[in-house]
Amino acid sequence: MTIEKGSKVGIVCCSNALKPEYSAKIKRLGNLLSEIGLTPLFSPYLYEKNGIFGGTGKERAQILMDFYRDNEIKAIYDISGGDLANELLSYLDFNIITGTGKIFWGYSDLTTIINAIYTKTGKKSVLYQIRNLLYGDSKKQIANFTDTVMKDQPALFTFSYSFLQGEQMEGVVVGGNIRCLLKLAGTGFFPDMEQKILLLESFHGTVAQMVTYLSQLQQMDVFKKVNGILLGTFTQMEAENCSPSIGTLVKQFAGEKIPIAQTREIGHGQDSKAIMIGTYLTLTLKAAAPY
């Protein structure tokens, strides 16, 4: 996935548009990418024009597909989050996406597009928010991002974890934000869960919301199909020290036999690492490290 110095990259906003006052930060992000050696090209639909919309779903999908069609653009980074990303799915040309070598990056609500890409094309995408380059952990984030994207080093994808139950899991990773993943339920975009590692993380939501989401996954027989569950951060639950914890809840709904691991390095934190949805991953108790 190495990108050569000087390559063009697309910056899109497929979910909720950014507030106009955020433009200075996005300009700084563009400058950072230029300093790293990339040439960012920005979607015209980044900022709010009509409430939370920077453009219609069709317009936002069109610019995304334009970036996929442009052979000079080597990767696409989404800088949004929120609620609107699944609006684009009906407008995406997955045949074109299949035929390109470029990788889509995004997090949170972009879980919908990332898993749809895997389901429809088998292609990998990265669960990661490139705006992390701007925040409190920026020095380390920039170093990890540069080493990974420009030098093909694993820094951004290497994370520590520990097991809550079981000793090993392996399979193709699917999932991401639990709320947003479930938007795909009942559609042709929901990934096949057979023998997968299911990644789950969340920003908003406490015990009541997690019980709702986990109940739905249980009722869909997801926990009977997957090879294991990897839990990322659950920001609000952890901040409010909720009880039962997310680990306890997942054990309750998934059962005592399924392997469950947990990491503090994947999710909505400003220090978050990246994980590639659609890649084969093996986690073992022997390789685990306290998170």
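Residues numbered from 1 in each chain as written. Predicted model: local features only at pLDDT ≥ 70, side-chain atom pairs only at ≥ 80, totals over all residues. Heavy atoms only, no water.

Participant: When you look at the sheet that holds strand β7 (residues 168-177) in this model, what are you seeing that I'm missing?
Facilitator: Each strand in a sheet pairs with its neighbour through backbone hydrogen bonds, running either in the same direction (parallel) or in the opposite one (antiparallel). The sheet built from six strands is open, its strands ordered β6-β10-β9-β8-β7-β12 with mixed pairing. Looking along the sheet, the strands with just one partner apiece sit at the ends: β6 (162-165) and β12 (280-284). Across the sheet, the mean angle separating the axes of adjacent strands is 35 degrees when strand polarity is ignored. Relative to strand β9 (residues 228-234), strand β8 (residues 196-202) runs parallel, the two sharing five bridges. Looking at β9, one finds that L200 is bridged to L231. Together, β7 and β8 form the strand contacts of helix α4 (residues 111-121), whose direction differs from that of β7 by roughly 130 degrees. In the packing of helix α10 (residues 246-254) onto the sheet, contacts are made with β6, β9 and β10 (260-262), and the angle to β9 comes to roughly 150 degrees. (Pairing = 2+ DSSP bridges. Helix = DSSP H or I, 4+ residues; strand = E, 2+ residues; numbered from the N terminus. Axes fitted to C-alpha atoms, helices over the stretch in contact; angles between N-to-C directions. Contact = heavy atoms within 4.5 Å.)

Participant: Quick question: what am I supposed to make of the pattern of salt bridges here?
Facilitator: When the charged atoms of two side chains lie near each other, side chains of opposite charge can form a pair. Scanning the model with the defined rule gives nine salt bridges in all. K8 is paired through a salt bridge with E72; the nearest N and O atoms lie 2.5 Å apart. Here E72 lies in the loop between α2 (57-69) and β3 (73-78) and K8 lies in strand β1 (residues 8-12), a separation of 64 residues in the sequence. The class of K8 is partly exposed, set by a relative accessible area of 28%. Looking at E72, the relative accessible area reads 46%, which means it is partly exposed. (Salt bridge = Lys/Arg side-chain N within 4 Å of Asp/Glu carboxyl O. Buried < 20%, exposed > 50% of the residue type's maximum accessible area, 1.4 Å probe, protein only.)

Participant: Explanation requested: the side chain of T279 in the structure shown.
Facilitator: With respect to the element layout, T279 can be found in the loop between β11 (275-277) and β12. The residues contacting T279, other than those within four sequence positions of it, are K124, G171, V172 and V173.

Participant: Sorry if this is basic, but what is going on with the nonpolar core here?
Facilitator: As a rule of thumb, soluble globular proteins bury nonpolar side chains together. Counting 70 residues, the largest nonpolar core has F104, L200, L214 and I229 as its most contacted members. In terms of residue count, α2 provides more of this core than any other element does, six residues in total. When near neighbours in sequence (up to four residues on either side) are disregarded, F104 contacts V12, C14, L64, Y68, I76, D78, L110, I113, I114, I117, S125 and V126. (Core = buried A, V, L, I, M, F, W, Y, C linked by side-chain atoms within 4.5 Å.)

Participant: I tried to follow the sheet that holds strand β5 (residues 125-127) on my own but got confused; where do I start?
Facilitator: With respect to topology, six strands assemble into an open sheet ordered β2-β1-β3-β4-β5-β11, the strand pairing being mixed. Of all the strands in the sheet, just β2 (39-42) and β11 have a single pairing partner and so form its edges. Each strand axis lies, on average, 30 degrees off the axis of its neighbour in the sheet, ignoring direction. Sheet topology places β3 next to strand β4 (residues 103-106); three bridges connect them, and they run parallel. Counterpart to I76 in the pairing with β4 is F104.

Participant: Just to check I follow, could you spell out α4 for this structure?
Facilitator: Every α-helix winds through 3.6 residues per turn, so residues three or four apart in the chain are directed the same way. Most of α4 is tucked away: nine of the 11 residues are buried. Taken together, the buried positions of α4 are T111, T112, I113, I114, N115, A116, I117, Y118 and T121. Where α4 ends, the next residue or the one after it, G122, has phi of about 80 degrees, a positive value.

Note that every value here comes from positions in space, so none of it alone points to a role or purpose.
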